[in-house]
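Structural overview for review
Letter by letter, the chains look like this.
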2 protein chains.
Amino acid sequence: MHSEFEFIQNIKNKYGLARVGDDCAVLPKDDKTDMVVTTDMLVEDIDFRLDWTTPEFLGHKALAVSLSDIAAMGATPKWAMLSVGVPKALWKDKFLDGFYSGYDSLAKKSHVELAGGDISQSDKFVVDSIIGGDVPKGKAILRSAAEVGDAIVVTHRVGGSRGGLRLLENGRRLSDSLEPWEENLLLTHLQPWPQVGIGSYLQNLEIVRAMIDISDGLASDLSHICESSKVGAKLYADKIPLDLSLPRLTESFEDQMHLALNGGEDFQLLFTVPAEKFSQLSAGLIEDENGLFTVIGEITANIGIIELVRDGKAEILKPQGYRHF
Amino acid sequence: MHSEFEFIQNIKNKYGLARVGDDCAVLPKDDKTDMVVTTDMLVEDIDFRLDWTTPEFLGHKALAVSLSDIAAMGATPKWAMLSVGVPKALWKDKFLDGFYSGYDSLAKKSHVELAGGDISQSDKFVVDSIIGGDVPKGKAILRSAAEVGDAIVVTHRVGGSRGGLRLLENGRRLSDSLEPWEENLLLTHLQPWPQVGIGSYLQNLEIVRAMIDISDGLASDLSHICESSKVGAKLYADKIPLDLSLPRLTESFEDQMHLALNGGEDFQLLFTVPAEKFSQLSAGLIEDENGLFTVIGEITANIGIIELVRDGKAEILKPQGYRHF
């Protein structure tokens with residue numbers, strides 16, 4: 001039994017796919033520009049449940065997960081393609097209208113043009129979301145360029161998406177009478193906002209060394225940077241910017257940390273910068289109550305090892321992000 | 001209940017998707033080049049059955065269907081992305097190895113680089129095949145440029161894929177002891193060869209007005225050209241180059257015509273040229289026993305009407321190509 005990561009590595013080695021392994025593939029476009037392309041497949045009852053969301057939120061999220069990959073390369077999204085497999089039962093009602101409306105609304109906000117796609121019949125609703133974007137030639141921000149001593153930075157706050165998923169697993173629904181913190185968590189999971197603007201901002205700043213988006217989970221995605229860059233990392237538990245609603249969901253700090261480290265689908269950006277340049281990061285940006293950039297640790301020379309420092313003691317972290325297999 | 005075509009038209013109108021409706025989306029790349037992109041979703045038990053094919057043929061076909069779309073634009077394929085949803089049962093065995101091997105083999109022959117993709121878990125095996133290609137700026141061959149009086153031309157022969165599908169429906173399998181004509185038909189269906197070289201050749205010739213690949217069926221795909229170009233068409237039954245194995249499958253000419261007109265998945269090219277320029281088509285090309293270019297009819301001014309002329313009598317053809325819904 002292989003994991004998804006081992007399988008992708010296997011495919012990559014076997015077929016010489018030098019470009020697989022980052023959030024997007026990078027291809028030459030013209031003299032000044034590279035093109036980045038990403039594709040994300042979402043499958044009903046694996047990646048989402050129809051009775052937990054709305055068609056509009058699902059359309060939004062289908063685009064958001066791919067936009068997040070584009071943002072993680074420091075690229076600007078340009079065009080999109082959308083393939084959907086639709087069960088017969090969903091063909092007749094308003095479902096697809098809502099789905100496309102949610103997709104389209106985020107596409108307009110993100111200046112992405114839906115250029116085409118495909119429609120097939122299927123047993124379960126399945127979506128493949130493809131986005132192409134532009135990045136200045138040679139400037140795509142990869143996972144592989146982190147250096148020892150770099151500060152590890154995360155945008156906004158983490159753990160909220162997994163918190164929302166737990167509420168859903170426990171039977172809470174959008175249609176219930178919800179407290180504000182519950183609604184925040186549910187929306188963080190069901191309608192995530194990709195960090196496209198911040199990705200562009202970081203590209204222009206030209207100080208980021210390695211970047212990824214948090215889709216599998218903070219610990220797991222950090223381990224991807226470490227593996228690609230052949231470095232290690234040290235994280236400080238008390239620095240991690242937990243979602244502000246998490247303490248309402250669970251009093252245990254241990255549990256909150258688990259949601260933040262292993263939850264996934266936060267779609268925040270995780271990146272490294274030379275430590276002395278961190279102060280350049282927020283220049284000209286206005287922070288909101290969720291903060292914007294937080295240093296949560298540093299890159300070390302312990303190749304492949306991620307340490308979590310808590311109360312002055314370090315433990316070795318085992319990534320537990322979501323795996324399909 | 002909408003058909004797939006009506007639905008796509010509806011989506012197109014609603015969201016202003018000017019570029020939807022051809023085999024590929026056309027996007028600006030640089031001063032001299034446009035980029036074409038296509039995506040095709042194939043779903044187990046809808047578009048294929050695992051017990052009717054091999055993993056290698058399925059990988060081949062997943063790429064072939066998209067290459068055929070690129071060919072239909074007169075474009076050159078360059079890069080590919082591949083998203084797969086894989087049932088747990090297929091994860092453990094040699095299935096994916098065979099699938100990727102079949103895909104990779106055709107990719108190498110077609111000079112297409114697999115640049116990335118996604119893997120998810122699913123109930124049924126599902127593939128989304130994405131290809132990007134290049135075409136000289138403004139030279140993508142669309143469906144919408146056919147003119148009254150144009151000759152309608154098809155490549156090679158048609159009906160064989162649907163013939164192979166009928167054999168499969170009737171219980172014949174690749175593993176059976178097969179007569180050569182049976183093997184031909186099965187392979188035409190299971191391992192189709194996209195007309196990429198001919199697409200390029202036609203691009204360079206610069207005489208083709210409108211083009212499409214035969215995926216839905218000759219009649220149905222011709223109707224797409226007619227609708228997009230706001231013209232009609234007249235087809236001559238005795239001119240249609242039927243697959244040479246069809247008479248072994250069915251003695252009825254009526255039935256053979258049905259397979260050829262409504263079968264789909266032949267992945268031949270269907271295009272129009274000014275009638276006086278047809279003679280330029282085969283210059284420098286060597287024809288095989290399946291012929292190469294056959295004039296099967298002409299574009300008329302009867303907007304949206306396709307006539308089939310047989311024994312001197314004309315009947316109005318109703319497209320019956322495969323519809324998902």
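Residues numbered from 1 in each chain as written. Chains lettered and ligands numbered in written order. Predicted model: local features only at pLDDT ≥ 70, side-chain atom pairs only at ≥ 80, totals over all residues. Heavy atoms only, no water.

All names here are of chain B. Under the counting rule described, the total for this entry stands at 32 salt bridges over all chains. A salt bridge links Glu-206 to Lys-139; its shortest N-O distance comes to 3.1 Å. Pair noted here: Glu-206 is in the loop between helix H7 (196-205) and strand E7 (210-213) and Lys-139 is in the loop between strand E5 (126-136) and strand E6 (151-155), with a separation of 67 residues, a long-range link. By relative accessible area, which is 55% here, Glu-206 ends up exposed. Here Asp-150 makes a salt bridge to Arg-209, at a shortest N to O gap of 2.5 Å. A residue pair is termed long-range when its members are at least 10 positions apart, and Asp-150 in the loop between E5 and E6 and Arg-209 in the loop between H7 and E7 qualify at 59 residues. According to the relative accessible area criterion, Asp-150 is buried, its value standing at 1%. (Salt bridge = Lys/Arg side-chain N within 4 Å of Asp/Glu carboxyl O. Helix = DSSP H or I, 4+ residues; strand = E, 2+ residues; numbered from the N terminus. Buried < 20%, exposed > 50% of the residue type's maximum accessible area, 1.4 Å probe, protein only.)

Residues and elements named next belong to chain A. Their axes nearest at 7 Å, the elements helix H5 (residues 160-169) and helix H6 (residues 180-190) cross at an angle of 105°. Comparing their axes, H6 and H5 come out roughly perpendicular. Together, Gly-160, Ser-161, Gly-163, Gly-164, Leu-165, Leu-167 and Leu-168 of H5 and Trp-181, Glu-182, Leu-185, Leu-186, Thr-188, His-189 and Leu-190 of H6 make up the contact between the two elements. Looking at the contact of H5 with H6 residue by residue, the class counts come to seven nonpolar, six polar and one charged. (Axes fitted to C-alpha atoms, helices over the stretch in contact; angles between N-to-C directions. Parallel < 35°, antiparallel > 145°, perpendicular 65-115°, else oblique. Contact = heavy atoms within 4.5 Å. Nonpolar A, V, L, I, M, F, W, Y, C, P; charged D, E, K, R; others polar.)

A few words now on helix H8 (residues 218-229) of chain B. All names here are of chain B. Here H8 contains twelve residues, and its C-alpha end-to-end distance of 16 Å stays within 8% of the 16 Å for a straight helix at 1.5 Å per residue. Counting buried positions over the twelve residues of H8 gives ten, a clear majority of the element. Looking at H8, one finds that the buried residues are Leu-218, Ala-219, Ser-220, Asp-221, Leu-222, Ser-223, His-224, Ile-225, Cys-226 and Ser-229. Backbone geometry just downstream of H8 places Lys-230 in the positive-phi region, at approximately 55°. (Expected span 1.5 Å × (residues − 1).)

This part is about the sheet that holds strand E3 (residues 76-86) of chain A. Residues and elements named next belong to chain A. An order of E1-E2-E5-E3-E4 is seen for the five strands of this open sheet, with the pairing classed as mixed. With one partner strand each, in any of the chains shown, strand E1 (25-28) and strand E4 (113-121) form the two edges of the open sheet. Within the sheet, the average angular offset between the axes of one strand and its neighbour, ignoring direction, is 20°. One ladder, built from eleven bridges, connects strand E2 (residues 33-43) with strand E5 (residues 126-136); its direction is antiparallel. Each residue of the ladder has a partner; that of Val-37, found in E5, is Gly-132. Lying over the sheet, helix H2 (residues 55-72) contacts E2, E3 and E5, oriented at roughly 30° with respect to E5. (Pairing = 2+ DSSP bridges.)

Turning next to the confidence of the model for chain A. On average, residues of chain A carry a pLDDT of 90, and 88% of them reach 70 or more. Interface predicted TM-score (ipTM) for the complex: 0.88; the corresponding pTM is 0.91. (pLDDT = per-residue confidence, 0-100.)

Residue and element names in this part refer to chain A. Put simply, H2 and helix H4 (residues 95-109) touch, their axes get as near as 6 Å, and they point 40° apart. On the basis of the axis angle, H2 is oblique to H4. At the point where H2 passes H4, the crossing takes the right-handed sense. On the side of H2, the interface is formed by Pro-55, Glu-56, Leu-58, Gly-59, His-60, Ala-62, Leu-63, Ala-64 and Leu-67, while H4 contributes Phe-95, Gly-98, Phe-99, Gly-102, Tyr-103, Leu-106 and Ala-107. (Left-handed = near helix turned anticlockwise from the far one by under 90°.)

Here we come to the side chain of Asp-40 of chain A. With respect to the element layout, Asp-40 of chain A can be found in strand E2. For the buried Asp-40 of chain A, no salt bridge exists, and the shortest N-O distance to an oppositely charged side chain is 8.9 Å, to Arg-143 of chain A. Beyond its immediate stretch of four places on either side in the chain, Asp-40 of chain A contacts Val-65, Ser-66, Asp-69, Val-127, Asp-128 and Ser-129 of chain A together with Asp-118 of chain B. (Lys, Arg positive; Asp, Glu negative; His and termini not counted.)

Residues and elements named next belong to chain A. On inspection of all chains with the given rule, the structure shows 14 aromatic pairs over all chains. Between Phe-95 and Phe-125, the ring centres sit 4.8 Å apart and the planes meet at 90°, which makes this aromatic pair edge-to-face. One end of the pair, Phe-95, is in helix H4; the other, Phe-125, is in the loop between E4 and E5, with 30 residues separating them in the sequence. For the pair Phe-95 and Phe-125, a shared accessibility class is recorded, and that class is buried. (Phe/Tyr/Trp six-rings, centres within 6.5 Å; stacked < 30°, edge-to-face > 60°.)

Residues and elements named next belong to chain B. Across the five residues of E6, five count as buried, placing the element largely inside the fold. Here E6 shows a buried face lined by Ala-151, Val-153 and Thr-155 and a second buried face lined by Ile-152 and Val-154. When E6 meets strand E9 (residues 269-273), the two strands line up antiparallel, connected through four bridges. Along E9, the bridge assignment pairs Val-153 with Phe-271. Bridge count for E6 against strand E10 (residues 293-300) is five bridges, and the pairing is antiparallel. Residue pairing across strands places Val-153 opposite Val-295, the latter belonging to E10.

Attention now moves to helix H10 (residues 253-262) of chain B. All names here are of chain B. The element H10 is largely enclosed, with a buried count of seven among its ten residues. Listed in full, the buried residues belonging to H10 are Asp-255, Gln-256, Met-257, Leu-259, Ala-260, Leu-261 and Asn-262. Its buried side turned inward, H10 meets helix H5 (160-169), H8, strand E8 (232-236), helix H9 (246-249) and strand E11 (306-310). Sitting at the amino-terminal end of H10 is Ser-252, which places a side-chain oxygen 3.3 Å from the backbone nitrogen of Glu-254. Phi turns positive one or two residues past the end of H10, at Gly-264, with a value near 80°. (Polar contact = N/O pair within 3.5 Å; in protein donor to acceptor, adjacent residues only side chain to side chain.)

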